[in-house]
Amino acid sequence: MKYAGYGLIIILALALQTTLPKLAFVGAQPEFVLLLTLIFAMFEELRGAKGFAFAGGLLQDLLVGRFIGLYAGTYLLMAVLMSFVTQRLYKENFLVRFFAIFLGTVLGQVLYLFGAASFGFSGAWSWPTWSAVLGTGLVNGLVGMFLYRPLAAVNRRLIYLHELLKRTG
Amino acid sequence: MLDRLLRWKIPLIIVLVLILVGTIHNTSVPRPDISRLEGLWRDVLSPFQWLFSRIAGFFQNQFAEINRWRGLKARNDELEARVAQLEEEVLRLRNYRRENEWLREALDFREEGNHDLLVAEVIGRSPSNWESTIIVNKGQAHGVTSGMAVVTQAGVVGTIINSSRHTSTVLLIVDAQSATGGLVQSTGDLVLVEGGQMGQRTLLAKPLSRDTVVEVGDVIVTSGLSRIYPKNLPIGEVVAVEPRQYDLSFAAIVEPFVDFTRLEYVLIVMPQEES
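The rules we used
Residues numbered from 1 in each chain as written. Chains lettered and ligands numbered in written order. Predicted model: local features only at pLDDT ≥ 70, side-chain atom pairs only at ≥ 80, totals over all residues. Heavy atoms only, no water. Buried < 20%, exposed > 50% of the residue type's maximum accessible area, 1.4 Å probe, protein only. Helix = DSSP H or I, 4+ residues; strand = E, 2+ residues; numbered from the N terminus. Pairing = 2+ DSSP bridges. 1 Å grid on protein atoms, 1.4 Å probe; cavity = no way out; pocket = protein on both sides within 12 Å on 5 of 7 lines; lining within 4 Å. Points joined across faces, edges and corners; volume = space filled by probe spheres on them. Nonpolar A, V, L, I, M, F, W, Y, C, P; charged D, E, K, R; others polar. Axes fitted to C-alpha atoms, helices over the stretch in contact; angles between N-to-C directions.

Colleague: With reference to specific residues and values, describe the pairing of strand β7 (residues 190–194) of chain B.
Modeller: Residues and elements named next belong to chain B. Every second residue of β7 is oriented toward a common face, the buried set being Val 191 and Val 193 and the non-buried set Leu 190, Leu 192 and Glu 194. Bridge count for strand β6 (residues 179–184) against β7 is five bridges, and the pairing is antiparallel. Bridging from a neighbouring strand, Thr 180 pairs with Val 193 of β7. In sequence, β6 turns back onto β7 through a hairpin of five residues, with Gly 188 there showing a positive phi of about 85°.

Here it is, written out as structure tokens:
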């Protein structure tokens, strides 16, 4: 039950990410899967967060069709990093959440671009690239700031239903 | 237990990393075909994408519509201002066209009649109900003096009765004090054309001899016997002939050719010897 719920969340996030128009003021679209990965890494135990990050990244890779595995690896790394960092932070604070997600998004994208560049991606490290990276970080930070609590509630509900189904057969 | 786990974990991570690096490397160049897994995944996702694109499209359309309305308001204001400006211009151009037509006709009239004519604009009318005069914008400064004939290309208007430096007053031929020498164009009989049909815009043509014959439809023109009007300027058309007392005489009702209610420009006939 829990995994089906996570799967549906990833599907919805990817569908939304691929259909939303680019935001005019940042010139980029939000990275919802990365955002969910970072949020899950905040409240989930590391193992679950890693699984979610890897699955989400791999599904995004399959959709992109290039450098398959790079998103999976990057998101996995970001989940580990985020989980490690936020264990030491007070996550209920809005500003902490915002900066954690903002920095996580920026770092995740930079890692992906760096990885892609290592495998022959010829994207220029120009100002538009940085603008898009920072813009996406900003959007993810703002959205994540408010999405944290509802997502945590959904996660709790999913875990509850999962346990219920497991126990009642 | 932990040692065993760590013993397996590290090789697993290494294997995983190697697999990832391999797939990344293999898919780092654009491929003409996608794998079945990728195709399946895209097919699974497509209904959701379709749904979200519809929703996003709907909101985009709504925003676009709002923006369009905003733009329309500004555009409407701009166009309204433009329409007002153009209407004003059209009005001005219509005036110019009418003035131009009038001046062209006046020019033809001047060439036909070989008169020295001065174009004057009607700038006022008599403030009294009991006299029929107009004020024109030409006066002594332009050589206009009392007694000069005022006409249009349609016919006789009246005479100048007084003038200031820049304006003149014209006594219309329909005024009670006006009397003009005329003749019946078809017979050449002389008549005296008087104004004086109080409150009416018609003239009375009175015969000067017993043998004068006037019929409805006859055209009355100036006789040229006076020094005011040149000869053969049209005055009006006979619309009725009324017998006078004891049937000894008659008077013809003449409708002037000039529409005195719509006078905008007139021509002042300048004496040739003076011009």
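Alright, that's what it looks like, and here's the rest.
Colleague: I'd like to hear about unusual backbone geometry, residue by residue, with values.
Modeller: The backbone of Asn232(B) sits at a positive phi, close to 70°, despite the residue not being glycine. With respect to the element layout, Asn232(B) can be found in the loop between β9 (219–222) and β10 (234–243).

Colleague: If you had to explain the layout of surface pockets to someone new, which residues and values would you point to?
Modeller: Of the pockets and cavities examined, the largest pocket occupies roughly 1,000 Å³. Contributing to the lining of the largest pocket are 33 residues, with Lys50(A), Gly51(A), Phe54(A), Leu76(A) and Leu16(B) lying nearest its centre. Of all the secondary-structure elements, those providing two or more residues to the lining of the largest pocket are α1 (2–19), α3 (46–64), α4 (70–86) and α5 (94–118) of chain A together with α1 (2–26) of chain B. Along the lines of polarity and charge, the residues of the lining of the largest pocket split into 20 nonpolar, seven polar and six charged.

Colleague: Break down the sheet that holds strand β1 (residues 116–125) of chain B for me, with residues and values.
Modeller: All names here are of chain B. What the six strands build is a closed barrel, ordered β1-β2-β5-β4-β3-β12; its pairing is antiparallel. For this sheet the average axis-to-axis angle between neighbouring strands, irrespective of direction, equals 45°. Across six bridges, β1 lies against strand β12 (residues 265–270) in antiparallel orientation. Within the sheet, the bridge partner assigned to Glu 121 lies in β12 and is Tyr 265.

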